[in-house]
Structure formats: structure tokens, C-alpha cells
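Descriptive structure summary
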Amino acid sequence: MTDQHIDIRPITEEEWPEWARAGTRAFGGRFDPADESQIRGIIEIDRSLGAFHNGRIVGTTTAHTLELTILSRHVPFALVDAVSVQPTHRRRGLLNRMMKLQLEEFQERGEFLAGLTATESSIYGRFGFGIASWGENWTISRDHTEILNVPQQTGETRFVDPEEMRSIWPQIFERVRHERNGMFSFPDPFWDLFQHDPEQWRGGASGFFHVVYETDGGPTGCVSYRLQSGVVIVNMLLGENLEAERALWSFCFGIDLMTEIRALARPVDDPLPWLLINTRKLERSVRDELWLRLVDVPAAIEARSYDSEARVVIEVRDQFCPWNQGRYEMDVSPDGALCKQTTRSPDISLDVSELGAAYLGGVTLETMRRSGRVDETTSGAVAMLDRALAVDRQPWIIDM
Ligand SMILES: CC(C)(COP(=O)(O)OP(=O)(O)OC[C@H]1O[C@@H](n2cnc3c(N)ncnc32)[C@H](O)[C@@H]1OP(=O)(O)O)[C@@H](O)C(=O)NCCC(=O)NCCS
């Protein structure tokens, strides 16, 4: 059943409280008015869609106007968020319609990349999103947290209250995000919300504790963690260098009366497993993090830099955004990139979601070829493009 009589349009300021309540309810929560102003702060009303049925909001989605790091470049990026349909109105095509409207809007605005983090990995492939980055959740007993080569520390760790954290965290984050593919910017209202730390997002654990590592030159790292029944839950730990990261891990591992440390969504190439003496005791589980969508294939390909030369014709399938569908001649090298429509026969054929997955270098096209997702018609074409797309550090995101 489709509901064409359900109107989908941007919400107004007056409609925002109902939109927020509906969105929270769809995720199984209850909207707490105590969080209203901070959550409102991160919402761009004109980019927030509501699906209206008889005047009531039954579907929500929004986009944040951000920028994303790709090989030290920063490109416009639309982060899709708060995607929901009320349990009373599911599987009638509302998400499909909202997503279509959003992607058309991104294209009109010249936002050639969109992304999101997904509650379920079965939802977004059909809309052309591919898994561009993975994260690892860690668990380790405190008994096994001895670190190799404990470094000479030139600085100190110190607790900071949420107000001071609010000024320190963005500085550290800004310096680190420029070096990591996939990381996106967080404008000020996101940090206000982080400082506010809504109780409904704590999952029954304590509010945040914030600890900074600083040397004579100032802060170089921060960790924000919660405590719950003897467990330290590390939400965000970032250091500008190895010394800061090691100092902050040593701090977390040294919190008396705690038995276990858990860390959420760490980079898959994080050095910590290589610092532990008893590496096997670190339990690691991997899950998808950033789902990336090339909204405008040639613009996205030309926006990236490439470490080696590749000249290939790719055939892109994109049923959801038909303006992308077609053959493109890619001519990329460390000197620049060109991507133009062509009628030449393709060397590689793939779905736009596979291109999104490979775009940040988090997976090779060869892996996807071996899984049957990518077709190679000219031998060696996949290997050549993989060399051009390769990155030194795996993509990673922090999703507040
Ligand atoms: C996920 C959600 C928004 C889907 O909304 P919806 O209006 O029911 O989705 P649609 O009817 O437009 O479905 C579009 C397609 O996606 C599929 N789909 C939708 N939700 C799915 C899910 N959770 N798992 C697998 N497939 C799903 C549908 O089967 C349909 O497939 P088809 O095109 O092959 O027929 C809704 O179930 C929801 O609000 N879930 C709880 C909150 C949530 O998880 N939001 C996502 C945040 S990232």
C-alpha cells in the first residue's frame, strides 16, 4: 500500500516539537523537554522533512550541513539523521519517498556526498549507500591492560568539568579530524549538546567524566567516559599524538574499583591492540559505521585526490538517483582528476553503493569483485583503480 495522500515537506519552527517527539518515539524513546533546546540547536529546520498524515507527523528525517575529510581535503557533506517512520505507518514506502526528496535536494545544493550511520545494516544499500568505514567495539578486563613500552610522559592528566571540556574538546577534535579520512566537522551546537549529555542517551550509565591530557604547550588529548557497574565505557578518546593517546588509555586502565573497560567505535587500525602485552585479551567486534552515498558521481570523483594514476571507464548503476546512471571515463593521478560521461565500453561495472564503499579507501574494489559486487571486464582495471584509491590510514568517524 502506498500513501500518496501523505504529504512530505520541510517542517516549520512551530512543528519542530511534534517532529522531535515523533522521531524519538519511533526509536522507542520518549522526548525529554529538558533536552529540547540543545537538540533543537543541531537541527536545521529548513532541511528537516516531516511526513504528514491528517495533520500529524508520521515520518521524520533531517540533514546536517557539514564537511568531510578526504585525504586532507574538506568537501561539502550532508549527514542524514533522525530518519524515522512511526510504527503505525511502516512499510508503505514513506522512507523511500523521504530519501528520494532528500537526495534530490542534495544534488540541487551541490552536495555531492551524503552519509549516515544506520540502526540496521539492511536498510540503506537499496538507496545507494555503501559501507565506507567500520568501527571496532572493544572489551578488556582490567587485569590484562598492561601496556608495552610505557612512554615517558611529558604531561599530566586532569579532570575537567563539562564547561571547560566544551572549550577544549572542539580544539582537539578540529586538529585530529583533518588527518583522518571520513571524519566530519561538528559545528558548535553539536558540542553544546555533547556538554548537555542528555540522560536518555546514557543507557543507564553515569553522565560523562571528561579527562584532558596536557603538556606545557596545552591540551593534546581528551577522553570522555561513563561508568556503569564496574565498567568504564569510553565514548570518545582522541589524542593529537601517540603520547597523548597512550597517557589517556593508561589513565582509563588505571581507574581503581573498575573491572572492565569498554570502548566504542574505535578505528580498525587503532594502535592500541599493538600496545597491549596480552593482545588476545582485547575482545574486538567490528560493525559498519559510515554509509556513504555519491550523490553526484563525477563531482565526487573529481573532488578526491589520488596517489597513483588510473585511466578506466566505469559503468555505474544507480536506479535511485538516475542522473548518475551511465558510463564515465575516469582519468585520475596525483596531479588531478577528471571524470566525464562517455560511450566507450566499460572496464569495470558496479553499483553506486560499491563506489561509495570504496571512495574513502576503506575497502578495495578487488574485495568487492571477489564478493560478486563488482564486475571487471578489462583485466587489471580493478587493481589499477584500487592503487589510485588507496589510503594510508583507514577511514574512521566519530558520531556523537
Ligand atoms: C527504518 C524505517 C525508517 C523504515 O521506514 P519505512 O517507511 O517502513 O520504509 P519503506 O516502507 O519506505 O521501505 C523502503 C524499503 O526498505 C525496506 N526496509 C525498510 N525498513 C527496513 C528494515 N528495518 N530492514 C530491512 N529492510 C527495510 C522495505 O522493505 C522497502 O524495501 P523494498 O523497496 O524492497 O520494498 C522505519 O522502520 C523506522 O522508523 N525504524 C525505526 C527507527 C530506525 O531504525 N530508523 C533508521 C535510522 S538509521
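These numbers were taken from a predicted model, which means no experiment stands behind them. (Residues numbered from 1 in each chain as written. Predicted model: local features only at pLDDT ≥ 70, side-chain atom pairs only at ≥ 80, totals over all residues. Heavy atoms only, no water.)

1. Focus on the site of the ligand
- Not every one of the 20 residues close to the ligand is listed here, only the nearest: Val85, Arg91, Gly93, Thr119 and Glu120.
- Between the ligand and Val85, the relevant distance is 2.8 Å, taken from an oxygen atom to a main-chain nitrogen or oxygen of the residue.
- Protein burial of the ligand: of its 900 Å² of free accessible surface, 76% is covered by the chains.
- Sorting the residues of the shell around the ligand by element identifies β4 (73-85) and α3 (94-109) as the ones contributing at least two each.
- Within the shell around the ligand, the residues separate by chemical class into nine nonpolar, six polar and five charged. (Near = heavy atom within 4 Å. Polar contact = N/O pair within 3.5 Å; in protein donor to acceptor, adjacent residues only side chain to side chain. Areas by Shrake-Rupley, 256 points an atom, 1.4 Å probe, with all protein chains shown as cover. Helix = DSSP H or I, 4+ residues; strand = E, 2+ residues; numbered from the N terminus. Nonpolar A, V, L, I, M, F, W, Y, C, P; charged D, E, K, R; others polar.)

2. Observations regarding the packing of helix α4 (residues 162-177) against helix α5 (residues 188-196)
- Between α4 and α5, whose axes approach to 10 Å, the crossing angle comes to 135°. In this view, α4 runs oblique relative to α5, as classed from their interaxial angle. The hand of the α4/α5 crossing is right-handed. Of the residues in α5, those touching α4 at Pro162, Glu163, Met165, Arg166, Trp169, Pro170 and Phe173 are Asp188, Trp191, Asp192, Phe194 and Gln195.
- Here the residues of the contact of α4 with α5 are counted per class, giving seven nonpolar, one polar and four charged. (Axes fitted to C-alpha atoms, helices over the stretch in contact; angles between N-to-C directions. Parallel < 35°, antiparallel > 145°, perpendicular 65-115°, else oblique. Left-handed = near helix turned anticlockwise from the far one by under 90°. Contact = heavy atoms within 4.5 Å.)

3. Examining the pattern of salt bridges
- Tallying each qualifying case throughout the model produces 30 salt bridges.
- The salt bridge partner of Glu329 is Arg311, with a shortest N-O separation of 3.2 Å. Of this pair, Glu329 sits in strand β16 (residues 326-333) while Arg311 sits in strand β15 (residues 310-317), placing them 18 residues apart in sequence.
- Classification of Arg311 as exposed rests on a relative accessible area of 54%.
- Several salt bridges share partner residues, and in doing so they unite Arg47, Glu105, Arg109 and Glu111 into one network. (Salt bridge = Lys/Arg side-chain N within 4 Å of Asp/Glu carboxyl O. Buried < 20%, exposed > 50% of the residue type's maximum accessible area, 1.4 Å probe, protein only.)

4. Quick word on unusual backbone geometry
- With a phi angle near 65°, Ser72 is a residue other than glycine that sits in the positive phi range.
- With respect to the element layout, Ser72 can be found in the loop between β3 (56-70) and β4.
- Residue classification places Ser72 among the exposed positions, given a relative accessible area of 58%.
- With phi around 50°, Ala265 is a residue other than glycine that occupies positive phi space.

5. So, the sheet that holds strand β8 (residues 156-160)
- The sheet built from seven strands is open, its strands ordered β8-β9-β10-β11-β12-β7-β13 with mixed pairing. Two strands bound the open sheet, and with one partner strand each, they are β8 and β13 (283-288). The sheet shows a mean angle of 25° between the axes of neighbouring strands, taken without regard to direction.
- In this sheet, strand β11 (residues 231-239) lies alongside strand β10 (residues 218-228) in antiparallel orientation, the contact comprising eight bridges. (Pairing = 2+ DSSP bridges.)

6. Details of the domain arrangement of the chain
- According to the domain assignment, the chain contains domain 1 (7-111), domain 2 (140-288) and domain 3 (300-389).
- Taking the mean C-alpha position of each, domain 2 and domain 3 sit 36 Å from one another. (Domains from an automatic or database assignment.)

7. Focus: the environment of Leu95
- Here Leu95 is to be found in helix α3.
- For the pair Leu95 and His196, spaced 101 residues apart in the sequence, the C-alpha separation amounts to 30 Å.
- Apart from residues lying up to four places away in sequence, Leu95 is in contact with Val83, Val85, Ile123 and Phe127.

8. Side note on helix α6 (residues 242-253)
- Taking 1.5 Å as the rise per residue, α6 with 12 residues should run 16 Å; its terminal C-alpha atoms sit 16 Å apart, in good agreement.
- Most of α6 sits out of view: nine of its 12 residues are buried.
- Buried residues of α6: Ala244, Glu245, Arg246, Ala247, Leu248, Trp249, Phe251, Cys252 and Phe253, and no others. (Expected span 1.5 Å × (residues − 1).)

9. With respect to the packing of aromatic side chains
- As enumerated under the stated definition, the model contains 19 aromatic pairs in all.
- Ring plane angle 80° and centroid distance 5.8 Å describe the contact between Phe159 and Phe251, whose orientation is recorded as edge-to-face. In this pair, Phe159 sits in strand β8 while Phe251 sits in helix α6, placing the two residues 92 residues apart along the sequence.
- A relative accessible area of 19% places Phe251 in the buried class.
- Residues Phe173 and Trp191 carry aromatic rings whose centres are separated by 5.5 Å and whose planes lie at 70° to one another, so their mutual orientation is edge-to-face. With a gap of 18 residues between them, Phe173 in helix α4 and Trp191 in helix α5 connect regions that are remote in the sequence.
- For Trp191, a relative accessible area of 2% gives the class buried.
- A network of ring pairs unites the aromatic residues Phe77, Trp169, Phe173, Phe184, Phe186, Phe190, Trp191, Phe194 and Phe208 as a single cluster.
- The lysine or arginine in question, Lys100, covers the ring of Phe320, its NZ or CZ lying 4.1 Å from the ring centre.
- Directly above the aromatic system of Phe208 lies the positively charged group of Arg226, at a separation of 3.8 Å from the ring centroid. (Phe/Tyr/Trp six-rings, centres within 6.5 Å; stacked < 30°, edge-to-face > 60°. Lys NZ or Arg CZ within 6 Å of the ring centre and 35° of its normal.)

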